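Survey of secondary and tertiary structure
So the chains spell out like this:
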Amino acid sequence: MDRFGFRPVTRADLPMLADWLRQPEVARWWRGAEAELAGIAEDLDEPAMRQVIALCDGAPIAYAQYYPAHHWGAPHFAGLPGDALAIDCFSGPRGFGHGGLWLRALSDALLAEAPVLVIDPEPGNLRAIRAYEKAGFRGEELRPSEDGTLARIMTRHR
């Protein structure tokens with residue numbers, strides 16, 4: 001059995017995700033736990049958005065959402081192939097230190113669907129950047145996102 005697995009997010013997961021979003025290590029980068037949680041809940045009904053809970057040995061450790069990178073017209077994804085998938089994610093307390101491993105497992109599976117994956121951490125989020133590099137993502141280009149903050153564009157190719 002694989003150590004890492006994934007299952008769809010359900011409404012029953014929202015209290016757990018709220019707790020994770022309030023963790024200082026997460027809240028620093030995902031500001032406004034209540035607004036983020038409302039967006040996650042709203043996206044449960046959005047066909048373009050797929051949301052999963054990452055599992056380690058069957059226990060929930062992280063959240064990820066992935067979607068067509070150009071679906072919402074994010075300016076920092078300009079120039080990526082039309083079929084690129086974008087990923088947003090955060091870990092729960094049990095997931096800290098495992099990000100590179102579970103994200104590699106997820107991105108390995110997603111590369112069967114799309115030739116390019118993109119993830120866009122804030123440049124100062126060095127812990128996330130290290131995890132993304134361990135998962136096979138590369139890139140140092142900084143681009144302004146829709147709210148004007150800089151995002152580091154990191155991609156992984158099939």
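For the structure itself, look to the data block above.
Scoring rules and cut-offs
Residues numbered from 1 in each chain as written. Predicted model: local features only at pLDDT ≥ 70, side-chain atom pairs only at ≥ 80, totals over all residues. Heavy atoms only, no water. Pairing = 2+ DSSP bridges. Helix = DSSP H or I, 4+ residues; strand = E, 2+ residues; numbered from the N terminus. Axes fitted to C-alpha atoms, helices over the stretch in contact; angles between N-to-C directions. Contact = heavy atoms within 4.5 Å. Buried < 20%, exposed > 50% of the residue type's maximum accessible area, 1.4 Å probe, protein only. Arc of directions from axis to C-beta.

**Some details on the sheet that holds strand S7 (residues 150–157)**
The strands that make up a sheet pair up through hydrogen bonds in the backbone, lying either parallel or antiparallel. Reading across the sheet, the seven strands line up as S1-S2-S3-S4-S5-S7-S6 and stay open at both edges, with mixed pairing between neighbours. Looking at strand neighbours, the two that pair on one side only are strand S1 (4–8) and strand S6 (138–144), the edges of this open sheet. Direction aside, the axes of adjacent strands within the sheet are offset by 30 degrees on average. With seven bridges joining them, strand S3 (residues 59–68) and strand S4 (residues 85–91) adopt antiparallel strand pairing. What sits directly across from Tyr67, in S4, is Ala86. Against the sheet, helix H4 (residues 99–110) engages S1, strand S2 (50–56), S3, S4, strand S5 (116–119) and S7, with an angle of about 40 degrees to S3. Sheet strands touched by helix H5 (residues 126–134): S4, S5, S6 and S7. Its angle to S7, the strand with the most contacts, is close to 15 degrees.

**Examining H5**
Restricting attention to buried positions, one finds in H5 the residues Ala128, Ile129, Ala131 and Tyr132. Each buried residue of H5 lies within a common arc of 160 degrees when the element is viewed along its axis, so the set occupies one face. Against S4, H4, S5 and S7 lie the buried residues of H5. Count one or two residues on from H5 and you reach Gly136, which has phi positive near 100 degrees.

Honestly, it's all geometry; don't read function into it.
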